[in-house]
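# Inside the fold
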Amino acid sequence: MRKSSRPRVSLQADKALELKHLRWAVAAADCGSFRATAELLKSQQSSVSRRIDEIEHHLGIVIFERYSGGVRPTQAGRQVLRYARTILEEFEALIATATSVHNRETGRLTVGFCTSLSARNLKALLLAFKQRFPQIDLSTVERSRMRLAAALRNGALDVLLVTGSLPLLDGKEMLLWSERVLVVFPHDHTLARRESVSWTDLRGETVLLSYCDPGKELEDLLISKLVSAEDRPKIERHEVSPGIIKSLISMHTGISLVLESDVGANFGGLAYRELRDGTGPSRFEFYAYWRGDNNNPALQEFLQLLSDVIPGGRSDVDALAGLSGNSGPPP
């Protein structure tokens, strides 16, 4: 039997690898070169190279392809880096949990979200809470839905404000508001001449979506609206933030789908239009989620505020806008 040429993973890898190795590997992937990584980490380029060699040796695979312009992840390296980012996020959640437990008292509330903080509804809600309870320290956390759900389960967060369903053990929920789905494109795009755009108008376009939330939900919605693959636009998924997606759109590389709250994050040269079909505009519902056994008094105050201004769930938050001094619909 011919022996495999694939390097064997060291049995001591779990003992030899440390969080610092993962941080350096992720930084190298983000920076694209060992030199830039060394500048970011205030270290020497030789030290960065040595750390990467160590992790590759311990795992038995090549994580980065070296070339004259820098480094880029190999196919195997991309998978390793995905897990590395997850491990680092989980470690940060561990620290956040310890901090939250240490500070668990009347004067602190930790809110998680994965939409733009410039969003009219979210911004108005948090501002209204601060105005009503100035003595309570308000802490906000932005992560993926999966990481937010994990943080809520382990007690690092008090409440989540996110779109869609989020099943939780002993979890409570409240419908908050809904937002229209918009299409965003360069201001000189042919669709910019219309007041609204139908889903079928997207045929032949290239839709850029982020792996960040709510990119997957937007993709699922698009597929549900355009059942036939022939009617669908080309979909490109990018491992970048929604802000970078807008930069790509301004470069005329495609269009994208966003929620109307994203209009608050101003980006020049772009136009937004409402997406409609025979039933009218498409909307995403936002919910508040919290643990039923969380007895943090600050959370109870927050939930009371929600009950006061959004009784039973509403499609808008004009009451919140009034509380925070804002008015008028989003652009």
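Look up a bit, the structure's there.
This structure is a prediction, so every number in the text was calculated from the model and none was measured.

## What to know about the overall build of the chain
- Helix and strand counts for the chain stand at eleven helices and 13 strands.
- The burial tally for the chain puts 44% of its 331 residues in the buried class.
- Taking all contacts inside the chain whose residues are at least 6 apart in sequence as the whole, residues at least 24 apart take part in 74%.
- Counting every atom, the chain has about 17,600 Å² of accessible surface; 51% of that belongs to carbon and sulfur.

## A few points about the pairing of strand β3 (residues 108–113)
- Counting buried positions along β3 gives five out of six residues, so the element sits mostly inside the fold.
- Here β3 pairs with strand β4 (residues 137–142) via six bridges, running parallel. The residue bridging T110 from the neighbouring strand is S139, located in β4.
- Relative to strand β5 (residues 159–163), β3 runs parallel, the two being bridged by three bridges.

## Examining the pattern of salt bridges
- Taken as a whole and assessed by the stated rule, the structure comprises 22 salt bridges.
- The salt bridge partner of R147 is E90, with a shortest N-O separation of 3.2 Å. With R147 in helix α7 (residues 145–153) and E90 in helix α5 (residues 75–102), this residue pair connects regions lying 57 residues apart in the sequence.
- Residue class for R147 comes out buried when judged on its relative accessible area of 12%.
- Between R180 and E274 there is a salt bridge, with the nearest N and O atoms lying 3.1 Å from each other. Here R180, found in strand β6 (residues 171–186), pairs with E274, found in strand β11 (residues 270–277); they are 94 residues apart in sequence, far enough to count as distant. For the pair R180 and E274, one class covers both residues: buried.

## Things to note about the pairing of β6
- In terms of burial, β6 is largely enclosed, as twelve of its 16 residues are buried.
- Relative to strand β13 (residues 283–291), β6 runs antiparallel, the two sharing nine bridges. Looking at β13, one finds that R180 is bridged to R283.
- Inspection of the sheet shows β6 paired to strand β10 (residues 256–259) by four bridges, in the antiparallel sense. Opposite V184, over in β10, you have S256 as the bridge partner.
- With five bridges joining them, β6 and β11 adopt antiparallel strand pairing. Bridged to V183 within β11 is R273.

## Quick word on the layout of surface pockets
- If you add up the space inside the largest pocket, you get close to 1,400 Å³.
- Lining the largest pocket are 46 residues; nearest its centre among them are S210, Y211, C212, D213 and V240.
- Among the secondary structure elements, those contributing two or more residues to the lining of the largest pocket are α2 (19–31), α5, α7, β8 (206–210), α8 (215–225), α9 (242–250) and β10.
- In terms of residue count, α5 provides more of the lining of the largest pocket than any other element does, eight residues in total.

## Describing helix α4 (residues 45–59)
- The first and last C-alpha atoms of α4 sit 21 Å apart over 15 residues, in line with the 21 Å expected at 1.5 Å per residue.
- Downstream of α4 by a residue or two, G60 has a phi angle that is positive, lying close to 80 degrees.

## Section: unusual backbone geometry
- In this model, K42 sits at a positive phi of 55 degrees, which is unusual for a non-glycine residue.
- Looking at where K42 falls in the secondary structure, it is placed in the loop between α3 (34–41) and α4.
- Residue classification places K42 among the exposed residues on the basis of a relative accessible area of 77%.
- Unusually for a residue other than glycine, H252 sits at a positive phi of about 60 degrees.
- Inspection of the secondary structure assignment puts H252 in the loop between α9 and β10.

Calculation notes
Residues numbered from 1 in each chain as written. Predicted model: local features only at pLDDT ≥ 70, side-chain atom pairs only at ≥ 80, totals over all residues. Heavy atoms only, no water. Helix = DSSP H or I, 4+ residues; strand = E, 2+ residues; numbered from the N terminus. Buried < 20%, exposed > 50% of the residue type's maximum accessible area, 1.4 Å probe, protein only. Contact = heavy atoms within 4.5 Å. Areas by Shrake-Rupley, 256 points an atom, 1.4 Å probe, with all protein chains shown as cover. Pairing = 2+ DSSP bridges. Salt bridge = Lys/Arg side-chain N within 4 Å of Asp/Glu carboxyl O. 1 Å grid on protein atoms, 1.4 Å probe; cavity = no way out; pocket = protein on both sides within 12 Å on 5 of 7 lines; lining within 4 Å. Points joined across faces, edges and corners; volume = space filled by probe spheres on them. Expected span 1.5 Å × (residues − 1).

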